[in-house]
Every structure is written in structure tokens, then in C-alpha cells.
Amino acid sequence: FLDRALEINPESADALAGMGLWYRNRPGGLENELQAIEVLKQALDINPSMIDASNWLQLAYANTGRDKESMAILEDMFRRDPMYKPGTGNLVWTYASLGRFDAANRLIDQIKPYVRDDSWVMRFEGNVLLMASQPGAAYPKLMRSFELEPQDGPAELSAIWSMLMLGMYEELAAMEVSFPFFKLSALRRLGRTEEGLQFARDWTNRIGDPGLLIGHYFSARQFETLVEHVNANWPDLQMLQDANTGLSGFGDNTMINLAFAYKKLGNMEKHREALSFVRAEHDKQQADGFGNAVFLHYAEARYHFAAGDSESGLAAYEKALDIGGFFAPGVIRADPVFDDYLHDEQFRALQQRGHEQFNEQRVLAGLEPIEPEYSL
């Protein structure tokens, strides 16, 4: 349909924007995002007022690591139409991801007097709390938002993310979800390996995300299978990196998993190569301003532990805790990079501190505390 529309009128901004969205929705990583950028820019050159196309373009920029260009579009969209939900929501999320919580809350306060949609405002407020590592306060807002709009994808995403952070694994495992990472993480932490494997395969076939199966094989400590899977699908690590989009603020955990698997199999050359991709990605994210994100500090800890640098790993782990981070039960058990440090006194002390901070959030959300995964 879109091809035919462009044959009839190659200058149709609507058809070009539709083609950009089509590319964005296809599995395939960097190549599809770059094609989306090309046609969305053409559409906006013809009709700059297409705000949906502007939002799709900034998402493609963000997924290809062009965060400053994405931010510029978001801020321009907010100036043009602060009541455009996707744009304002994405700008609130971006500010919060950068640790700019005051800026995010100012946006919410600016639009709040004009919004009758309580679900929208509750989700924005909850997302800021999530990124500030306060899921206990975020959870009731996000669940209420999801209850009010159960068909809304962003509302579902935020709600199930808060559930994962609060250790609500059984509830997540029982749900039908549109965002597989969170349910798969719950299955891993529950030790439901075979169920998780089938779930990861099904969703990989649907959306092509390389991190799902790689993460599952890694968590199950099936390192040979992991490397065989990567070699069969991405014989060059740059190909894997190109397929692994949307990393900003969260580190590069998929490549860390692969680097660690190479190390366990004794392939130190590939181990170092994979780590070099991680280092470059983390340095870029920090340069783009994501150094305040607790998720990036946690990924930094995983990077250093995978590299065998326990001193730097412990320092990064402590930094994540210092800015409010915590790690729910099952996280350590499901993550092989920590296996060699489970009896390290400093590591166990940090883990105990993180668990106490986790239970504070559970209580704030009205949930019962959970016993620590490992006790001192």
C-alpha cells in the first residue's frame, strides 16, 4: 500500500511518514532504524508540522545512539504542542533517564492544570519515580494508570517495570505481556529455565531482539550454546552491535554477557573484543549525560566484574547504591558475572545494603519484605 502510494506521489509526506513507521516496526536493528530516519526526514522536509513523524524520528535517533538529536526534537515538540502525549511523555522519560528529575517534574507541573486525563499524569509521575529508583512510590500510580488504560502500551510497560523492580515475579510470570524482557527476567529469577527458553524463542521470532535469547542462555550458564547462537546469526561482533539498539542509559548488557561467555570458554581474544564494544558504548552514554542513571552504574559494575576487575566492579556497584539503586532477590543468582564474588565480604555487604533498600521500596508499595537472596 505504502509503495503504491509513493509510486503515485513520491512527494507524499503521509506515505513517507508511514514508510518510516513501517521500518521502525520491523525487526532488524540498526539498518531498519537508519532507513526509517531517511524517509522520516524526507517526510518532515515536505511537511514539518507532522508531529507523529517527528516523534518517530526522535525514537529512531535515540535507538541509534543519537541522543542529542533526539532530545532536540523532543524539546521542540514540547514547545510546539505540550499536550501531545507521546512527545511530552518521551521528554519526561528522557529527562528522568538523565537524572534531571527536577526538569521532568517541571514539565509535568506545566501541563497538569490543563489535563483531564489522570492516567496520563499518573504515568508520567510514576516514570520519574521509577528512574529515581523509587518503585515503591511509583507502583500505585503506574498500576492505577494501567488499570484505567489496559490497552495502552506505555502504561503497561511502566506498570510491569515497577513490578519487576519490586520482585513481583510470580505475578509477572502469570501475565500476558507485550514487553517480553520483564516477564523473561521474572522467569529467570524464579529459576524457570525451560519455560523461559521457550518464551525467549517465541519472542525472538516475533521481534528479533538479540538480547532475549543471549540473556537467557547466559543466565542459564549455557555459554557454549550462547556463543554458537551468536556465531550462527552475527558472525561479526559489529553486526551484533548494530542489531542491539536502544541502549541509552542502560549500558550494554548483551555484549557484557557475550564477553563473559567467551571468557568462560577460554576465548580471550573475542572476550577482549566484546569488552571493547562495551567500553565504547558506556563511554558514549556517559558523555551523553546518562552517568546519573543507576542502571548504567549497574551495567558498569557488570562490565568490570566480567573483565575480572573486582575493585572497579565493587566501586561501580556501590555508586549505584549511593544514588538509590537496589537489586531484587534473584538478580545475583541469575547473573553469572557475580559467581566468583558470592563469598567476597565487601560484595556481600553491598548486596545486603542493596537488599535493605529494596525492602524499603516493597514496604512503601504496601508489599511484605522479602528475605535476602544471600545472607552475611
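Residues numbered from 1 in each chain as written. Predicted model: local features only at pLDDT ≥ 70, side-chain atom pairs only at ≥ 80, totals over all residues. Heavy atoms only, no water.

Quick word on the environment of M50
With respect to the element layout, M50 can be found in the loop between α3 (30-46) and α4 (51-63). Along the sequence, M50 and Q238 sit 188 residues apart, while their C-alpha atoms lie 34 Å from each other. Excluding residues within four positions of it along the chain, M50 makes contact with A13, D14, A17, A43, L44 and R80. (Helix = DSSP H or I, 4+ residues; strand = E, 2+ residues; numbered from the N terminus. Contact = heavy atoms within 4.5 Å.)

Structural notes on the pattern of salt bridges
For the structure shown, the criterion picks out 18 salt bridges. One salt bridge in this structure joins D283 and R279, with 3.0 Å as the shortest N-O distance. With D283 and R279 both in helix α18 (residues 268-287), this residue pair falls 4 residues apart, about one helical turn. Residue D283 is classed as partly exposed on the basis of its relative accessible area, which comes to 38%. Judged by relative accessible area, R279 falls into the partly exposed class, the value being 21%. For D322, the salt bridge identified is with R353, shortest N-O distance 2.7 Å. Of the two residues, D322 sits in helix α20 (residues 310-322) while R353 sits in helix α21 (residues 345-364), which places them 31 residues apart along the sequence. Each of the salt bridges in this network shares a partner with another, and the network as a whole consists of D67, K284 and D288. (Salt bridge = Lys/Arg side-chain N within 4 Å of Asp/Glu carboxyl O. Buried < 20%, exposed > 50% of the residue type's maximum accessible area, 1.4 Å probe, protein only.)

A look at the packing of aromatic side chains
Scanning all chains against the criterion turns up 20 aromatic pairs. Residues F305 and Y341 carry aromatic rings whose centres are separated by 4.5 Å and whose planes lie at 45° to one another, so their mutual orientation is tilted. Of this pair, F305 sits in helix α19 (residues 294-307) while Y341 sits in the loop between α20 and α21; the two residues are 36 residues apart in sequence, bridging distant segments of the chain. The lysine or arginine in question, R206, covers the ring of W203, its NZ or CZ lying 4.1 Å from the ring centre. The ring centre of Y303 lies 4.7 Å from the NZ or CZ of R279, which sits over that ring. (Phe/Tyr/Trp six-rings, centres within 6.5 Å; stacked < 30°, edge-to-face > 60°. Lys NZ or Arg CZ within 6 Å of the ring centre and 35° of its normal.)

Some points on the packing of helix α14 (residues 210-219) against helix α15 (residues 223-233)
Remark: α14 packs on α15, axes separated minimally by 8 Å, with the N-to-C direction vectors making an angle of 160°. Here α14 lies roughly antiparallel to α15, going by the angle between them. Here α14 and α15 pass one another in a crossing that is left-handed. Contact with α14, carried on its side by L213, I214, Y217 and F218, involves F223, T225, L226, H229 and V230 of α15 and no other residues of that element. In terms of residue class, the contact of α14 with α15 is made up of 7 nonpolar, 2 polar and no charged. (Axes fitted to C-alpha atoms, helices over the stretch in contact; angles between N-to-C directions. Parallel < 35°, antiparallel > 145°, perpendicular 65-115°, else oblique. Left-handed = near helix turned anticlockwise from the far one by under 90°. Nonpolar A, V, L, I, M, F, W, Y, C, P; charged D, E, K, R; others polar.)

Re the environment of D3
One can find D3 in helix α1 (residues 2-8). Taking relative accessible area as the criterion, D3 reaches 55% and is therefore assigned exposed. Distance from D3 to R333, taken between C-alpha atoms, is 50 Å for residues 330 residues apart in sequence.

Observations concerning the confidence of the model for the protein chain
Do not read the fine detail of predicted coordinates wherever pLDDT is low. In this model, the protein chain carries an average pLDDT of 91, and 97% of its residues clear a pLDDT of 70 or more. Here α1 is the element of the protein chain with the lowest mean pLDDT, 68, and helix α17 (residues 253-264) is the one with the highest, 97. (pLDDT = per-residue confidence, 0-100.)

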